[in-house]
Amino acid sequence: MNILAHIHLAALSNTSVIGNAAADFIKGDPYRQYTPFIADGIMMHRRVDKLVDELPEIEQAKLLFRSETRRVAPITLDIVWDHFLSKHWACYMQQSLPDFNLSMQKLIKQDIALFPVEFKQFMGYLWQNEWLVNYAHQDFIKRVLNGMANERPKLEKLRVSFTDFTDNYAQLEQLFFIFYPRLIKKAQSAQL
């Protein structure tokens, strides 16, 4: 899962949104660095990542990628799941995605000073480019994957993984519709 899904699930479970959003930028034991509420959010993010990686639907999704891009498939899929969540947002939330984006931005800004500069820069870029809303557009997904490939030459195959996404769009969308509602139920019942 990527940033939109993590923030969405955190909001549904009344867990720290900023902890969930920042987790990839935090190393080690978060309870030594942050309040228990924020650390719980970081740990929820880690549990969600582990849970999602083990889902049979994710294994099926990885098989839709060509052998040359399969190594980067998990990264591409994280972005792809946010695409489907953004595209089908109205199926999962009554609040509009632009309004959700603004409310989460306000919430995160309250404690952002506590976090590493890389996270602050990432969130600034995310808000400036309205990622959460723009994830709904395939051309934006292509831009994100290309940007990641530009930043990390070892991830060059992310560029061509976009073709795997578009070639298998319907199958990936169906897999998302199978597993994401289960995650929502778990979040709402505090099982994440």
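Report follows, based on the coordinates. Treat the numbers as computed from the prediction; the structure is a model and nothing was measured.

Another point: the overall build of the protein chain. The number of helices and strands found in the protein chain is 12 helices and 0 strands. A compact globule built from 192 residues would reach a C-alpha radius of gyration of about 16 Å, and the protein chain, at 16 Å, matches this within 12%. Projecting the C-alpha coordinates of the protein chain onto the three principal axes gives extents of approximately 45 × 35 × 30 Å. For the protein chain, buried positions account for 48% of its 192 residues. Sequence separation of at least 24 residues holds for 66% of the intrachain contacts in the protein chain that already meet a minimum separation of 6.

With 67 residues, the main nonpolar core has Trp-81, Ile-108, Tyr-135 and Tyr-180 as its most contacted residues. If near-sequence neighbours (up to four positions away) are discounted, Ile-108 is found in contact with Ile-7, Val-17, Ile-18, Ala-21, Phe-119, Met-123 and Trp-127.

What follows deals with the packing of aromatic side chains. Geometrically, a pair of aromatic rings is defined through the distance of the ring centres and the angle of the planes. Across all of its chains, the model carries 23 aromatic pairs by this definition. Geometrically, the ring pair formed by Trp-131 and Phe-140 is edge-to-face, given 5.9 Å between the ring centres and 75° between the ring planes. Judged by relative accessible area, Trp-131 falls into the buried class, the value being 12%.

What the rule picks out here adds up to 9 salt bridges. Between Glu-57 and Arg-182 there is a salt bridge whose closest N-O contact spans 3.0 Å. One end of the pair, Glu-57, is in helix 4 (residues 56–62); the other, Arg-182, is in helix 12 (residues 169–188), and 125 residues separate them in sequence. Judged by relative accessible area, Glu-57 falls into the buried class, the value being 8%. A salt bridge links Arg-159 to Glu-156, with the nearest nitrogen and oxygen atoms 2.8 Å apart. A relative accessible area of 38% means that Glu-156 is categorised as partly exposed. Salt bridges sharing partners connect three or more residues here, namely Arg-66, Glu-68, Lys-157 and Asp-164.

Evaluation of the coordinates by the stated rule reveals 1 cavity of 30 Å³ or more. Taken together, Met-1, Val-52, Asp-53, Ile-58, Lys-62, Pro-74, Leu-77, Asp-78 and Trp-81 make up the full set of residues lining the largest cavity. Sorting the residues of the lining of the largest cavity by element identifies helix 3 (36–53), helix 4 and helix 5 (73–87) as the ones contributing at least two each. Per-element tally for the lining of the largest cavity: the top contributor is helix 5, with 4 residues. In the lining of the largest cavity, the residues fall into 6 nonpolar, no polar and 3 charged.

Across the interface, helix 1 (residues 3–13) lies against helix 12 with an axial gap of 7 Å and an inter-helix angle of 35°. The handedness of the crossing between helix 1 and helix 12 is right-handed. Between helix 1, through Ala-5, His-8, Leu-9, Leu-12 and Ser-13, and helix 12, the contact on the second element is made entirely by Tyr-180, Leu-183, Ile-184, Ala-187 and Gln-188. Along the lines of polarity and charge, the residues of the contact of helix 1 with helix 12 split into 7 nonpolar, 3 polar and no charged.

Rules of the game
Residues numbered from 1 in each chain as written. Predicted model: local features only at pLDDT ≥ 70, side-chain atom pairs only at ≥ 80, totals over all residues. Heavy atoms only, no water. Helix = DSSP H or I, 4+ residues; strand = E, 2+ residues; numbered from the N terminus. Rg over C-alpha atoms; globule rule 2.2 N^0.38 Å. Buried < 20%, exposed > 50% of the residue type's maximum accessible area, 1.4 Å probe, protein only. Contact = heavy atoms within 4.5 Å. Core = buried A, V, L, I, M, F, W, Y, C linked by side-chain atoms within 4.5 Å. Phe/Tyr/Trp six-rings, centres within 6.5 Å; stacked < 30°, edge-to-face > 60°. Salt bridge = Lys/Arg side-chain N within 4 Å of Asp/Glu carboxyl O. 1 Å grid on protein atoms, 1.4 Å probe; cavity = no way out; pocket = protein on both sides within 12 Å on 5 of 7 lines; lining within 4 Å. Points joined across faces, edges and corners; volume = space filled by probe spheres on them. Nonpolar A, V, L, I, M, F, W, Y, C, P; charged D, E, K, R; others polar. Axes fitted to C-alpha atoms, helices over the stretch in contact; angles between N-to-C directions. Left-handed = near helix turned anticlockwise from the far one by under 90°.

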